[in-house]
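Listed here are the chains, written in short residue letters.
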Amino acid sequence: MKFRYKVLFTNLILLSLGLGLVGYLMIHKNFELAKQTQLKNAIVQNNLVQSSVEYELLQLLNSVSDNSETSNNNTDNNNAEKSSISASSIVAQLPQIGSRVSSSVRSRDSFFYIYFDGEKVYTDDKSDAGISDTLFKNLTTGNKNYVIKEESQKHYIYVTSQSVIDEKNLWIVSKCDASEAYTLLDEQINYFRLIIIVILIAESAAMYFISRYMTKPLEKLNHVSEEIAQGDYATRVNVKSHDEIGLLAQKFNIMAQAVSDHVDELNDMVHRREQFVADFTHEIKTPMTSIIGYADTMRSLELPREEQMMALGYIFSEGKRLESMSQKLFELIYLRRHDIEKARVHMADLCAEVVKVVEPAYENRHLTIETEIEDTVLTVNRELLVTALVNMMDNARKASEEGQQVEVTGKFVDNRACNIPKDKTDICEAESADDRKCTRAYEISIIDHGIGMTKEQAERICDEFYMADKSRARKEGGAGIGMSLVAIILEHHNAVLSVESEPGCGTTMRILLPW
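Residues numbered from 1 in each chain as written. Predicted model: local features only at pLDDT ≥ 70, side-chain atom pairs only at ≥ 80, totals over all residues. Heavy atoms only, no water.

S.K.: Outline the nonpolar core, listing residues and values.
M.R.: By size, the foremost hydrophobic cluster in this structure holds 40 residues, and its most contacted members are Leu 350, Leu 389, Met 392, Leu 497 and Ile 511. Elements with a minimum of two residues in this core: helix 7 (347–364), strand 8 (377–380), helix 8 (382–399), strand 9 (405–414), strand 11 (440–448), helix 12 (482–492), strand 12 (496–502) and strand 13 (506–514). Setting aside residues up to four positions removed in sequence, Leu 350 forms contacts with Val 345, Val 380, Arg 382, Leu 385, Val 386 and Leu 389. (Core = buried A, V, L, I, M, F, W, Y, C linked by side-chain atoms within 4.5 Å. Buried < 20%, exposed > 50% of the residue type's maximum accessible area, 1.4 Å probe, protein only. Helix = DSSP H or I, 4+ residues; strand = E, 2+ residues; numbered from the N terminus. Contact = heavy atoms within 4.5 Å.)

S.K.: How would you summarise helix 12 if you had to cite specific residues and measurements?
M.R.: The buried fraction of helix 12 is high, at 9 of 11 residues. Of the residues trailing helix 12, Asn 494 is marked for its positive phi of about 55 degrees.

S.K.: How would you summarise the environment of Lys 455 if you had to cite specific residues and measurements?
M.R.: Structurally, the position occupied by Lys 455 is in helix 10 (residues 455–459). By relative accessible area, Lys 455 is classed as exposed at 57%.

S.K.: How would you sum up unusual backbone geometry? Please name residues and give values.
M.R.: One non-glycine residue, Gln 153, lies in positive phi territory at about 60 degrees. By the element assignment, Gln 153 lies in the loop between strand 3 (144–151) and strand 4 (154–165). Taking relative accessible area as the criterion, Gln 153 reaches 75% and is therefore assigned exposed. In the Ramachandran plot, Asn 494 falls in the positive-phi region, its phi being about 55 degrees despite a non-glycine side chain. Along the chain, Asn 494 turns up in the loop between helix 12 and strand 12.

S.K.: Run through the sheet that holds strand 5 (residues 168–177), naming residues and quoting values.
M.R.: Read from one edge of the open sheet, 5 strands run 2-1-5-4-3, paired in antiparallel fashion. Both outer strands of the open sheet, strand 2 (119–123) and strand 3, are each paired with one neighbouring strand and no more. Ignoring which end each strand starts from, the neighbouring axes of this sheet average 25 degrees apart. As judged from the 4 bridges shared by strand 1 (residues 110–116) and strand 2, these two strands associate in the antiparallel manner. Paired with Phe 116 across the strands is Glu 119, a residue of strand 2. (Pairing = 2+ DSSP bridges. Axes fitted to C-alpha atoms, helices over the stretch in contact; angles between N-to-C directions.)

S.K.: Would you mind going over a nonpolar patch on the surface in detail, with residue names and values included?
M.R.: Together, Tyr 191, Leu 194, Ile 195, Val 198 and Ile 199 line one region of the surface with nonpolar side chains, adding up to about 460 Å² of accessible area. With respect to the element layout, Ile 195 can be found in helix 4 (residues 179–229). By relative accessible area, which is 31% here, Ile 195 ends up partly exposed. (Patch = residues over 30% accessible without salt bridge, like charges linked within 9 Å, V, L, I, M, F, W, Y side chains within 5 Å. Areas by Shrake-Rupley, 256 points an atom, 1.4 Å probe, with all protein chains shown as cover. Salt bridge = Lys/Arg side-chain N within 4 Å of Asp/Glu carboxyl O.)

Below, the structure is given as structure tokens:
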């Protein structure tokens, strides 16, 4: 069941219960008020009949007392006068008294009964359905009993009062029609049912559209989640409300963006791994083909000494290239999985060591190295940083023509480790929060005036097996892993590598080490 239908049915149930309870209380209250009104009228009617019967009896006693030959003329005691009449005389007169009272005081739909000494002596009720004995239980003079009884689809109120004559009980029972209260009750119930039906229909229609409007963002969320589940990670929810659903939509979009970024990262990782395997296979295949070809030639043919030495030279150089590539791959994998140890190192000594390592290769190409190093002490891994600088110097050597100069500088700079100019290419970005807050950094620059690179080539310089000029790099014994190793080493030092290059104008590489 959809959520909006749950909201609709829940509201209908709660509204029905609420209206039903309120209607029951109101109808019950109105019914009780109407019934109390009917009861009061019945009591008034009973009092009127009782007074009239007692008045008639009093007139009878007075007339008997005037005609009596008894000399008790000045007696005001009514009991004495009543006692002067026999009970049989009273019984004989009561039907006549009842008839006179009925003709004078009885109203429409009201009747009364006269009981004397437990016997019914008069009634004007032709139906005479019988009177319950509960009306006479615990009845005393001055009090009244009543009961409501249904007869012939009508409701009547029986009210009983008691008088005492000659030590015998005189009961007056009045019967009044109370159907009006019950008719009003039925009318109110029927009217309330009609109101309930109309309200529930109107409320159902209103709640349907309201719940549909309120749950529409949830349907959008559901639709977008289905699209994302099917692989469309670019889909987003367009919900502009400022309530909890709007907040949920915002969080959902953030989550979807995070998933999309993560999927892109995974795809990029997979692509890079596939590219890595393809490049690695290709880089191995090329020297292995040369080695196998020259070895097969030497095995199957008798070559002159000069050609044998040339073949052996190719085999040796390609073997050395494979050895270098395997060593750098090992270092690359190791650094990605392990942390490094750091110590305080003098940068002037470190740069001098780098120059000493690369100097023989530079002399073979008739290249000169110009250094200007500002000495300071930094906390670094000496061996790894030397390896990184040697690889960068080696790239500068390969890009330079004979007789050119490569410049190496080291100095302090302000606000550079945290703010790299936008026109430079950032290869490694520092992850450290301390580095973002730094105001000074130590900059090592390696500047050559060689063939240079395009911006696109500079952006990919740290990719594994990437070579801007493959033929030149292979000729120089390169495998395209050196700068990838540099990037990993600098990342361990929270350093930033920026590259400025232009084809035909040379390349400037800067390392910014936090100080």
